[in-house]
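# Analysis of the macromolecular model
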Amino acid sequence: MPDFEPAVRQAHGAVPVPVPVFDDETPAVANLDPALLGALRRAATDAARDGVGFVVNGGWRSPEYQEQLLHDAVSKYGSAEEAARWVATPATSAHVRGDAVDVGPADARAWLSEHGARYGLCQIYRNEPWHYELRPEAVDGGRPPLYPDPTHDPRMRR
């Protein structure tokens, strides 16, 4: 995505400043899968009782924005192979489907690591402690094993 003004980038899913999980105006939050968003909001409400606040650092993204993030990662890491450890293609990204959310700050991630499975919210990649996806089966069966990084995730081989 070319360098557009911040409002245009935000419309494509950029989150220049972390936003509350209850923000219905920011596309990165508002366009999340409703089941994921509901679980996230239930968890955030319960975490608040423990004095822990959640923010969204990333969520839904347009394919164009995801492509830009991938392009930037290739530039940063020096190769498409290394970039793939951190950024998925638009065709494989859970963010583009609205099925992933990046959560902060660190105490929120720690709270989710301990309690998230109760809501079906699971960290998926060992190298991305902020990245959570909905796994409803985790409510009864516990969180699934972590992939070391996205290159080990069979969903990325589409």
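Residues numbered from 1 in each chain as written. Predicted model: local features only at pLDDT ≥ 70, side-chain atom pairs only at ≥ 80, totals over all residues. Heavy atoms only, no water.

### Notes on the overall build of the chain
As a reminder of what qualifies: The helix count covers DSSP runs of H or I at least four residues long, the strand count covers runs of E at least two residues long, and both are numbered beginning at the N terminus. Atoms considered for the radius of gyration are the C-alpha atoms alone. The globule rule reads 2.2 Å times the number of residues to the power 0.38. Three labels apply to residues, based on accessible area from a 1.4 Å probe with only protein chains included: buried if under 20% of the type maximum, exposed if over 50%, partly exposed otherwise in between. Throughout, a residue-residue contact means that at least one pair of heavy atoms, one from each residue, lies within 4.5 Å. Note on areas: Shrake-Rupley with a 1.4 Å probe; residue coverage comes only from the protein chains shown. A residue counts as positive if it is Lys or Arg and as negative if it is Asp or Glu; His and the chain ends are not included. To locate a charge, take atom NZ for lysine, CZ for arginine, CG for aspartate or CD for glutamate.
For the chain, the count of helices and strands is eight helices and five strands. Written out in order from the N terminus, the α and β elements of the chain read α-β-α-α-β-α-α-α-β-α-β-β-α. For 158 residues, the compact-globule estimate of 2.2 N^0.38 gives 15 Å, and the C-alpha radius of gyration of the chain, at 15 Å, lies within 12% of that figure. Dimensions of the chain, computed from the C-alpha atoms along their principal axes, are close to 40 × 35 × 25 Å. A burial count over the chain gives 45% of its 158 residues as buried. Considering only intrachain contacts with a sequence separation of at least 6, the fraction spanning at least 24 residues in the chain is 57%. As displayed, the chain has an accessible area near 7,900 Å², and 55% of this comes from carbon and sulfur atoms. Computed over 16 positive and 23 negative side-chain charges, the inter-centroid distance for the chain is 5 Å.

### Things to note about the pairing of strand S3 (residues 100-104)
Quick note on the threshold: Two strands qualify as a pair provided that DSSP identifies no fewer than 2 bridges between them.
In terms of burial, S3 is largely enclosed, as five of its five residues are buried. Burial of S3 is two-sided: the residues Ala-100, Asp-102 and Gly-104 facing one way and the residues Val-101 and Val-103 facing the other way are all buried. Bridge count for S3 against strand S5 (residues 131-134) is three bridges, and the pairing is antiparallel. Across the sheet, the residue bridging to Val-101 is Tyr-132, located in S5.

### Structural notes on the nonpolar core
Rule in force here: Buried residues of nine kinds, namely Ala, Val, Leu, Ile, Met, Phe, Trp, Tyr and Cys, make up a nonpolar core once their side-chain atoms join them within 4.5 Å.
Leu-40, Phe-54, Val-101, Trp-111, Leu-112 and Leu-121 are the most contacted members of the largest nonpolar core, which has 24 residues in total. Among the elements of the structure, helix H2 (27-30), helix H3 (34-49), S3 and helix H7 (106-115) are those that each provide at least two residues to this core. Among the elements that make up this core, the one with the highest residue count is H3 (seven residues).

### Notes on the side chain of His-131
Keep this limit in mind: Within 3.5 Å is the distance limit for a polar contact, defined as a pair of N or O atoms, with the added protein rule that one can donate a hydrogen and the other accept it, and that residues adjacent in sequence qualify only through two side-chain atoms.
Residue position: His-131 is located in strand S5. Overall, His-131 belongs to the buried group, its relative accessible area being 4%. Among the polar contacts made by the side chain of His-131, one reaches the side chain of His-95 at a distance of 3.4 Å. A polar contact of 2.7 Å, which involves the side chain of His-131, links it to the side chain of Glu-133.

### A look at the layout of surface pockets
Here is the rule we go by: In this analysis a 1.4 Å probe is tested at points of a 1 Å grid over the protein atoms alone, and where it fits but cannot get out there is a cavity; an open set with protein on both sides within 12 Å along at least five of seven lines is a pocket; lining residues have an atom within 4 Å of a point. Grid points are joined across faces, edges and corners, and a volume is the space filled by probe spheres set on the points. Gly is placed with the polar residues, together with every amino acid not listed as nonpolar (Ala, Val, Leu, Ile, Met, Phe, Trp, Tyr, Cys and Pro) or charged (Asp, Glu, Lys and Arg).
The space that makes up the largest pocket amounts to roughly 460 Å³. Arg-61, Trp-86, Val-87, Asp-102 and Trp-130 are, among the 25 residues lining the largest pocket, the residues nearest its centre. Looking at the lining of the largest pocket, the elements with two or more residues in it are strand S2 (55-58), helix H4 (63-77), helix H6 (94-97) and S5. Among the residues forming the lining of the largest pocket, the class breakdown is 14 nonpolar, seven polar and four charged. The computed volume of the second largest pocket comes to approximately 180 Å³. Taken together, Leu-70, Ala-80, Ala-84, Val-87, Ala-88, Thr-89, Thr-92, Pro-150, Thr-151 and Met-156 make up the lining of the second largest pocket. Looking at the lining of the second largest pocket residue by residue, the class counts come to seven nonpolar, three polar and no charged.

### Examining the side chain of His-115
Along the polypeptide, His-115 turns up in helix H7. Judged by its relative accessible area of 16%, His-115 falls in the buried class. Only 2.7 Å separates the side chain of His-115 from the side chain of Arg-118, close enough to count as a polar contact.

### Quick word on the pairing of S2
By the bridge criterion, two bridges tie strand S1 (residues 19-20) to S2 in an arrangement that is antiparallel. Bridge assignment links Val-19 to a residue of S2, and that residue is Val-56. As paired strands, S2 and S3 are joined by three bridges and run antiparallel to one another. Paired with Val-56 across the strands is Val-103, a residue of S3.

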